[in-house]
Amino acid sequence: MWNVSLCVTTSELVAWTYFGHRPQSASRIRGVHTAIRMEIQYVYQKERRDFGKQCFFADKNELLFSEGPNRGTFKEYIQRNPMDRETQKSRQMSASEANTERAVFEHKGINHTEGGWPKDVNLADPEQTVRYKRKIEKDESYIVQVMSLTKPMEHCIFQNNAVNIYENYFEDLEPAPLVEKCSSRTVNVYRDPSAIQRNVTHLSWSPDSGKLAVSHCNRDFHEDRSSQSKNSYIWEIENPNAPLQTFEPPSAIVCLEYNQKDPSSLVSGMFSGQVAGWDTRHGKKPIALTDREVSHRDPVNSVLWINSKSGTEFFSGSSDGQVIWWDTRKINEPLDRLLLDPIKTDEQNLDRSYGCSVLEYETTIPTRFMCGSEQGMLFSCNRKGKSPSEKINIRIMCHLGPIYTVARNPAFVKNFLTVGDWTARIWSEDCRESAIIWTKNHSCLLTCGEWSSTKVSMFYISRMDGVLDAWDLLQQQNDPVLSVKVCDEPIRCLRSHEAGRLISVGSQKGATYLIEVSENMSFSTRNDKPLFTAMLEREAKREKILEAKLRELKLKVRAAQKQDDDTEEARASRQAAMDRACQQAQTDYFKTVEKLRSSRNPDLYPLSGDEEEDTADRSEMSQKDTDTSEKH
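Residues numbered from 1 in each chain as written. Predicted model: local features only at pLDDT ≥ 70, side-chain atom pairs only at ≥ 80, totals over all residues. Heavy atoms only, no water.

(A) Spatial organisation of the pattern of salt bridges. Per the counting criterion, the structure on display carries 23 salt bridges. Across the pair K285 and E248 runs a salt bridge, and its minimum N-O distance is 3.4 Å. Taken together, the residues span a long stretch of sequence, with K285 in the loop between strand 10 (275-279) and strand 11 (288-289) and E248 in the loop between strand 7 (245-247) and strand 8 (253-259) at a distance of 37 residues. Using a relative accessible area of 27% as the deciding quantity, one classes E248 as partly exposed. Residues K440 and D479 are paired through a salt bridge, measuring 2.8 Å at the closest nitrogen-oxygen approach. Here K440 is found in the loop between strand 23 (437-438) and strand 24 (446-451), whereas its partner D479 is found in the loop between strand 26 (467-472) and strand 27 (482-485), with 39 residues between them in sequence. Accessibility expressed as a relative area gives 36% for D479, which makes it partly exposed. Through salt bridges with shared partners, a single network forms among E360, R368, R408 and E429. (Salt bridge = Lys/Arg side-chain N within 4 Å of Asp/Glu carboxyl O. Helix = DSSP H or I, 4+ residues; strand = E, 2+ residues; numbered from the N terminus. Buried < 20%, exposed > 50% of the residue type's maximum accessible area, 1.4 Å probe, protein only.)

(B) Summary view of the packing of aromatic side chains. In the structure shown here, the tally under the stated rule is 13 aromatic pairs. A ring pair is formed by W325 and F369, whose centres lie 5.5 Å apart and whose planes are at 75 degrees; its orientation type is edge-to-face. Taken together, the residues span a long stretch of sequence, with W325 in strand 14 (residues 322-327) and F369 in strand 17 (residues 368-373) at a distance of 44 residues. Residue W325 is classed as buried on the basis of its relative accessible area of 3%. (Phe/Tyr/Trp six-rings, centres within 6.5 Å; stacked < 30°, edge-to-face > 60°.)

(C) Broad picture of a nonpolar patch on the surface. Taken together, I136, Y142, I143, V146 and M147 make up a surface patch of nonpolar side chains, about 430 Å² in accessible area. The element contributing the most residues to the nonpolar patch is helix 4 (residues 140-160), with 4 residues. Residue placement: Y142 occurs in helix 4. Judged by relative accessible area, which is 31%, Y142 ranks as partly exposed. (Patch = residues over 30% accessible without salt bridge, like charges linked within 9 Å, V, L, I, M, F, W, Y side chains within 5 Å. Areas by Shrake-Rupley, 256 points an atom, 1.4 Å probe, with all protein chains shown as cover.)

(D) How the structure looks around the confidence of the model for the protein. Confidence along the protein averages 82 in pLDDT terms, with 85% of residues attaining 70 or more. In the model, residues 621-626 has pLDDT below 50 throughout and makes 0 contacts with residues more than four positions away in sequence or in other chains. In this model residues 628-632 is a low-confidence stretch, pLDDT under 50, and it forms 0 contacts with partners more than four residues away in sequence or in other chains. (pLDDT = per-residue confidence, 0-100. Contact = heavy atoms within 4.5 Å.)

(E) Representation of the pairing of strand 27 in the model. Taking every second residue as pointing to the same face, the buried face of strand 27 carries L482 and V484, while none of S483 and K485 on the other face is buried. Pairing geometry for strand 26 and strand 27, over 4 bridges, is antiparallel. The partner of L468 across the bridge, within strand 27, is V484. (Pairing = 2+ DSSP bridges.)

(F) Structural view of the sheet that holds strand 30 (residues 511-517). Pairing is antiparallel across the open sheet formed by 4 strands, whose spatial order is 3-30-29-28. A strand with exactly one partner marks an edge of an open sheet, and here the two such strands are strand 3 (184-191) and strand 28 (491-496). Neighbour to neighbour, the strand axes of the sheet diverge by 20 degrees on average, direction disregarded. Two elements, strand 3 and strand 30, share 7 bridges in a ladder whose sense is antiparallel. By the bridge assignment, V189 is partnered in strand 30 with Y513. (Axes fitted to C-alpha atoms, helices over the stretch in contact; angles between N-to-C directions.)

Written out as C-alpha cells, the structure is:
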C-alpha cells in the first residue's frame, strides 16, 4: 500500500506572511498566533492493486502462425486481369437536401376582461348596456370596422380547420376484425396401450392444463371382460408415445375426474358401482375405495367434485337411479342419498326411479345441481331441501332418449345445454315447457356436447359418425360453422380446454384425439357478450309468450270438454227416456194385439187374469163414453 500525505498548518502560513516570508521558530509562531492556530490535514490513500497490473514492455521476436501458399489450388482458379477492388471500412452514406417551407405552429392563450365601457354606463344594469350597444351599432364606422376585422378572423378559422394528416381518428373504436375462416388441425393422438381396444368413456383436464385423464371401459354387458385390461391413464399432452401414469383399479373405470383445486387428486366411478379416490403421488392403486354394500347397484355414469371446506367431497350418479354424496376421508359412509323419482311425492321408490346418465354442478351455485336421466327427463335439484319433494324442484322432459350432456354456459349460468337423441337444445331456467334454442335434427345420434370456455356463443357437439361440429350462434343458427371428420368410428366424449384452443375427443376404439381450432374460434370480441345476452333474452321472451298462449289454449280446451261432457249427459238422459217410451209403446201394442185375438177367438187365444181385468176395465170405460155421447 502506498500512502501519500500532505500536511499544512495554518500557523506556518501566517508566519510566512507576517514575517516577510522568512520562517521563524515554532515557539515564536505559537506565541504570536495562538488564537488563530488551526491545523488542517488531508490524507489520500489508495491500495496498489487498484492501479492494475504493472506493465512491462519488451521486444520479442516470435512467430505464432504461418500459412504458406499452396500451389496445387492454383489450378482451380482463373486469374482476373485486369482487377479493380475497393476497400472502405465505414458505411457509405449520402447527404440529400430539400428546400421546403417550414410550418411553425404556436399555441397561445388569451385572458379576456370586459372593459372599455364609458363611466356613465353601469355594467350591472342590463338596460344601460343594451342601450349603449344599440347606440354603437347605429354608428356608420361600426360596420366598416367589423368588415375590416372579418378577413383576419376568417384566416384564423381556416387555420384551425386545417386537417392534421398524422391525427388518429376514432381511437375509442375497436378495429374491424379480419374475416378468418374457421379451421382446425389434429395435434396429437393418444391410443389405448392395451391389446384389446376399449371405448373412451370420459375425459378430464388437470388444473395445471398440462395433463389429460382418460378412462377406458367397454360397457357391453354381453362381452367377456376376463381377458380385457381394466387400466386407465393420464397422458401428458406433449408426449403421445407413452402414458404419464397408469391406474390399476379392481374394476374398469367409467368416469375419472380431476379435482380442480388439487392437481394430484382424482375420483372415479367404476363399472361395478363402486367409487374410488386416487392420488397421483401414491402409485397405481386407489387410496380409497367404497364397499359394494354401500355403493351403487349399476355402473357409475358420472362423478363430480363439489364445493366444501375440506375439498374432499364429491357426488356420483348411476343407472340404478341413485345420487350419492361421498367424502374421501370416510368413503365407506355416504353423506346423503337421493332417488330420481319422476313422481312428485315424499315417499321415494327405487323401483320407479330413473337412471342417472350425467350430472351437472356449477361452483357458483353450490347448493343446486342437475341430473340427466336415461329416460330423457331432466331433474333440477337442491341439496339443502329437507324432504325429497323439496330436493327435486323441477322435472323437464328434454329428449326422447338418454341425456348425454348437461352443461351450463360459463358466462350465463341461467342457460344450459343438453344433448340427446338427434338434437342439442339450449334451455333457460325461466322457461320450463320448452327449449329456447335447438339445432336441427341430425342424420345420426349425438353423443356429447361442451361449451367453449373462452367464447360465450360457441359450443361443440360430437356425433356417432365420427364428426365434431362447432356451433357459433352469433354467426349462424342453421348450420355449424365448422364440421370436422375426426375419425371413422363413433365419438363417445369430448372435453374443451380452459384456454379455448384445444379440444380432446375420445373415440369408440380407444383413441383420444387432441384438436386445435383456429384463433377466431377461441376468443370473444367486446360486443359478443351483449349481443348474445340480447339473443338469449329475446328467445326466452318469445318462449314465454308461446307458453302463455299454450296455457290459454289448454284452458279453452278443458272448458269445451266440460261443456261437451254436460251436453253428452243431457243427450244420454233424453235418449234413455225415449228408449223407455218406445219400450212401453211396444209392450202396449203387443197387449192390444193379444186382446183383439182373444175377443175374436176366445177358445184359441184365452186371456190371462190380468188381461181379463184390463179388458173389463176397457169395456166399462168404453160403455161410459158411449152413454156420455148419447146424452150430448
